[in-house]
Amino acid sequence: MFDLSFYKNKKVFVTGHTGFKGSWLCHILANAGAEVTGYALQPPTKPSLYEIAKIGNRVKTVIGDIRDFTNLQKAFNEASPEIVLHLAAQPLVRDSYQNPAYTYETNVMGTVNILECVRQSSCVKSFLNVTTDKVYLNNEWDRGYVEDDKLDGFDPYSNSKSCSELVTHSYKNSFFADGKVAISTARAGNVIGGGDFATDRIIPDCVRAAMQGENIIVRNPYSTRPYQHVLEPLMAYLMIASAQYQDGKYAGWYNVGPDDVDCFQTGALVDLFVKHWGNGLKLINKHDGGPHEAGFLKLDSTKLKQTFGWQPKWNLETAVTKTVEWTKVWQSGGDVRACMDRQIEEFINNE
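Rules used in this analysis
Residues numbered from 1 in each chain as written. Predicted model: local features only at pLDDT ≥ 70, side-chain atom pairs only at ≥ 80, totals over all residues. Heavy atoms only, no water. Salt bridge = Lys/Arg side-chain N within 4 Å of Asp/Glu carboxyl O. Helix = DSSP H or I, 4+ residues; strand = E, 2+ residues; numbered from the N terminus. Axes fitted to C-alpha atoms, helices over the stretch in contact; angles between N-to-C directions. Parallel < 35°, antiparallel > 145°, perpendicular 65-115°, else oblique. Left-handed = near helix turned anticlockwise from the far one by under 90°. Contact = heavy atoms within 4.5 Å. Nonpolar A, V, L, I, M, F, W, Y, C, P; charged D, E, K, R; others polar. Pairing = 2+ DSSP bridges.

(A) Representation of the pattern of salt bridges in the model. Considering all chains together, one arrives at 16 salt bridges under this definition. A salt bridge links Lys 134 to Asp 133, with the shortest nitrogen-to-oxygen separation between them at 3.4 Å. Lys 322 is paired through a salt bridge with Glu 346; the nearest N and O atoms lie 2.7 Å apart. Remark: Glu 346 occurs in helix α12 (residues 336-348) and Lys 322 occurs in helix α11 (residues 316-331); sequence separation between them is 24 residues.

So, in structure tokens, the structure goes:
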């Protein structure tokens, strides 16, 4: 594990900080002593981790749309960041079918806008664009996708994130070839963890059902995905951003996924949740004939492992237990920030 003390007193600009991953990321950075400015829309869910964990008390927050370049640039210039972590996105496959234009505007032009801020600044040394495992042309291979495989996501969400990757590659080649700003992207798989209240995600659906004492309905129990605890990719993002800040040779494109043993069918993931939640929950298979989603998808993270010596720390069962733990602390009115701190410490020490 790299030393988080690198971030002490560093000026960090985080887009999408009011979301699930962004909230955990800001909490880690604040703990590390970073000077964080977040730029995002209002929290996308109610309840939200951002509000529950009082993230706004720990970082400077600017509420704004990533599509609004003027407002974004104003916030960016005031922050004068050294490090930029770009998480802002329309992140849901099903929503992208309902609102494709908004999805492309946010995920593609949002990336253009933040990179324009970086291009027109003189303060940034490290930029990381967080994308997704879904950027790849999905051939339903049983092998993991590697960084040189073709980018061509199928649905509007996945395709827009492929485009975001290509935008980043073009800016890197066109404007940052001198190496003054280190540019990378990170392609992560599905994440789980305490505080995710999104719609159309399996673990939040499990949490809602469990808290209401209802059975869990699974629309596609046989789809296989690389699941990991949210701390896995977040720590990898911070590792990449810090490494390339110190040495531009580390800039590039990285998969951040679990080992093969943690590529689970959705139904098997729900079975794990039911096991650790208890109270007699049951899974009900109810395929709803929804829009196309990949049946099989996993990442090969060999490049990240060989470059940094990185290894996943928590297997999927541990990730589920930590998610259940956080949820039950919140449900009982406990101290969720203390729970987050404890889990971060356990993750770092691999307990």
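(B) Layout of the packing of helix α3 (residues 69-79) against helix α5 (residues 100-119). Running from N to C, α3 and α5 point in directions that differ by 40 degrees, and their axes come no closer than 10 Å. Relative to α5, the element α3 is oriented oblique. α3 and α5 meet at a crossing whose hand is right-handed. Of α5, the residues touching α3 (which contributes Phe 69, Leu 72, Gln 73 and Phe 76) are Asn 113, Ile 114, Glu 116, Cys 117 and Val 118. A class-by-class count of the residues in the contact of α3 with α5 yields six nonpolar, two polar and one charged.

(C) Structural context of the packing of α5 against helix α6 (residues 156-175). Packing of α5 against α6 brings their axes to within 9 Å, and their N-to-C directions diverge by 20 degrees. Here α6 runs roughly parallel to α5, going by the angle between their axes. Judged by the sense of rotation from one axis to the other, the crossing of α5 with α6 is right-handed. Within the contact between the two elements, α5 uses Pro 100, Thr 103, Tyr 104, Asn 107, Val 108, Thr 111, Val 112, Leu 115, Glu 116 and Arg 119 and α6 uses Pro 156, Tyr 157, Asn 159, Ser 160, Lys 161, Cys 163, Ser 164, Val 167, Thr 168, Tyr 171 and Phe 175. Residues belonging to the contact of α5 with α6 are distributed by class as follows: 11 nonpolar, seven polar and three charged.

(D) Summary view of the sheet that holds strand β10 (residues 253-256). Read across the open sheet, the seven strands follow the order β3-β2-β1-β4-β5-β6-β10; overall the sheet is parallel. Each edge of the open sheet carries a strand with a single partner, namely β3 (60-63) and β10. Taken pair by pair, the neighbouring strands of this sheet meet at an average axis angle of 20 degrees, ignoring direction. Pairing of strand β1 (residues 11-15) with strand β2 (residues 35-40) involves five bridges; the strand directions are parallel. Bridge pairing in β2 places Thr 15 opposite Tyr 39.

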